[in-house]
Amino acid sequence: EDKVVQSPLSLVVHEGDTVTLNCSYEVTNFRSLLWYKQEKKAPTFLFMLTSSGIEKKSGRLSSILDKKELFSILNITATQTGDSAIYLCAVQGGSEKLVFGKGTKLTVNP
Amino acid sequence: DAGVTQSPTHLIKTRGQQVTLRCSPKSGHDTVSWYQQALGQGPQFIFQYYEEEERQRGNFPDRFSGHQFPNYSSELNVNALLLGDSALYLCATAQTRSGNTIYFGEGSWLTVV
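Right, let's walk through the structure included here. (Residues numbered from 1 in each chain as written. Chains lettered and ligands numbered in written order. Predicted model: local features only at pLDDT ≥ 70, side-chain atom pairs only at ≥ 80, totals over all residues. Heavy atoms only, no water.)

**Remarks on the overall build of chain B**
Defined as follows: Note on conventions: DSSP H or I runs of at least 4 residues are helices, E runs of at least 2 residues are strands, and numbering of each starts at the N terminus. Only protein chains enter the accessibility calculation, which uses a 1.4 Å probe; a residue whose area is less than 20% of its type maximum is buried, one above 50% is exposed, and one in between is partly exposed. In this description, contact between two residues means that some pair of their heavy atoms is separated by no more than 4.5 Å. Only the protein chains shown count as cover for residues, and the accessible areas themselves come from Shrake-Rupley with a 1.4 Å probe. By the counting rule applied here, Lys and Arg register as positive and Asp and Glu as negative, while His and the ends of each chain are not counted. The atom standing in for a charge is NZ when the residue is Lys, CZ when it is Arg, CG when it is Asp and CD when it is Glu.
From N to C terminus, chain B includes zero helices and eleven strands. What you see in chain B, going N to C, is helices and strands ordered as β-β-β-β-β-β-β-β-β-β-β. Projected onto its principal axes, the C-alpha positions of chain B cover 40 × 25 × 25 Å. Evaluated residue by residue, chain B yields a buried proportion of 50% over its 113 residues. Considering only intrachain contacts with a sequence separation of at least 6, the fraction spanning at least 24 residues in chain B is 53%. Summed over its atoms, the accessible surface of chain B is roughly 5400 Å², and 47% of this surface lies on carbon and sulfur atoms. Here chain B holds 8 positive side-chain charges and 10 negative ones, and the gap between their average locations is 6 Å.

**Side note on the environment of Ala-87 of chain B**
Following the sequence through the fold, Ala-87 of chain B ends up in strand E9 (residues 87–94). By relative accessible area, which is 3% here, Ala-87 of chain B ends up buried.

**Brief notes about the interface of chain A and chain B**
How large an interface is tends to be reported as the accessible area lost when its parts come together. As a reminder, the rule being used: Buried area counts how much accessible surface, traced with a 1.4 Å probe, disappears from two parts once they are put together, with both parts' losses summed. Basic side-chain nitrogens of Lys or Arg form a salt bridge, by our definition, when they fall within 4 Å of a carboxyl oxygen of Asp or Glu. Residue classes follow a fixed rule: Ala, Val, Leu, Ile, Met, Phe, Trp, Tyr, Cys and Pro count as nonpolar, while Asp, Glu, Lys and Arg count as charged, and any other residue, Gly among them, counts as polar.
At the interface, 17 residues of chain A touch 27 residues of chain B. Taking both partners together, chain A and chain B bury about 1800 Å²; carbon and sulfur atoms supply 57% of that area. Seen at the junction of chain A and chain B, the total is zero salt bridges. Taken together, the elements giving at least two residues each to the side of chain A that touches chain B come down to strand E4 (32–38), strand E5 (44–49), strand E9 (85–92) and strand E10 (98–100) of chain A. Residues belonging to the side of chain A that touches chain B are distributed by class as follows: nine nonpolar, four polar and four charged.

**Thoughts on the pattern of salt bridges**
Counted under the stated rule, the structure contains five salt bridges over all chains. For Asp-83 of chain A, the salt bridge goes to Arg-60 of chain A, with nearest N and O atoms at 2.8 Å. Of this pair, Asp-83 of chain A sits in the loop between strand E8 (71–76) and E9 while Arg-60 of chain A sits in the loop between strand E6 (56–58) and strand E7 (61–66), and the two are 23 residues apart along the sequence. The class of Arg-60 of chain A is partly exposed, set by a relative accessible area of 24%. Between Arg-63 of chain B and Asp-85 of chain B there is a salt bridge, with its nearest N and O atoms 2.9 Å apart. You can see Arg-63 of chain B sitting in the loop between strand E6 (53–57) and strand E7 (64–68) and its partner Asp-85 of chain B sitting in the loop between strand E8 (74–78) and E9, a full 22 residues away along the chain. Judged by its relative accessible area of 4%, Asp-85 of chain B is buried.

Okay, here's the thing in structure tokens:
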């Protein structure tokens, strides 16, 4: 059965800190790994990763995938209070179905 | 370009009742999936519809059923509601075979009392 494990489950930092969120997975017929940010309701798309070793970057956020070791990390540099959210990692196997982890709840204090 | 839209946004039902949730996909998207997200958990896959047929189903009882219409919109129906069905129900849409990103709607908060 496909499985995604995120760590830590919860994280509290101060503004300006750098954080690393972890995601490990087991999936049949890996297709992609996706990161989402969920603040109130709808998860909003951050990154889709399909190839190992290629960093994806968007502003202060970046992510990379290791298909050999079956994990991904999401980095956020110079955190701001607006980064406070739940960060969800999901993997996609042979269909459009996504298997999610429980998420990492990030709290950024001023 | 409208994104994924869901209705209603919030609703309260009594145990044993039935509920219907609706989803309109993002323009150009033809695949609709439904997810249930309980508090403190990641979304759990319920089922997926493509070409008006259920293509894949997660580990949910038959009380959960759905439908996709010719315009690609979709409904999720839950019968004989239980307290444990209280959750955020998310609709996600994608364009099949394009490898495009999956987009989520704002969700419908269901509370069963």
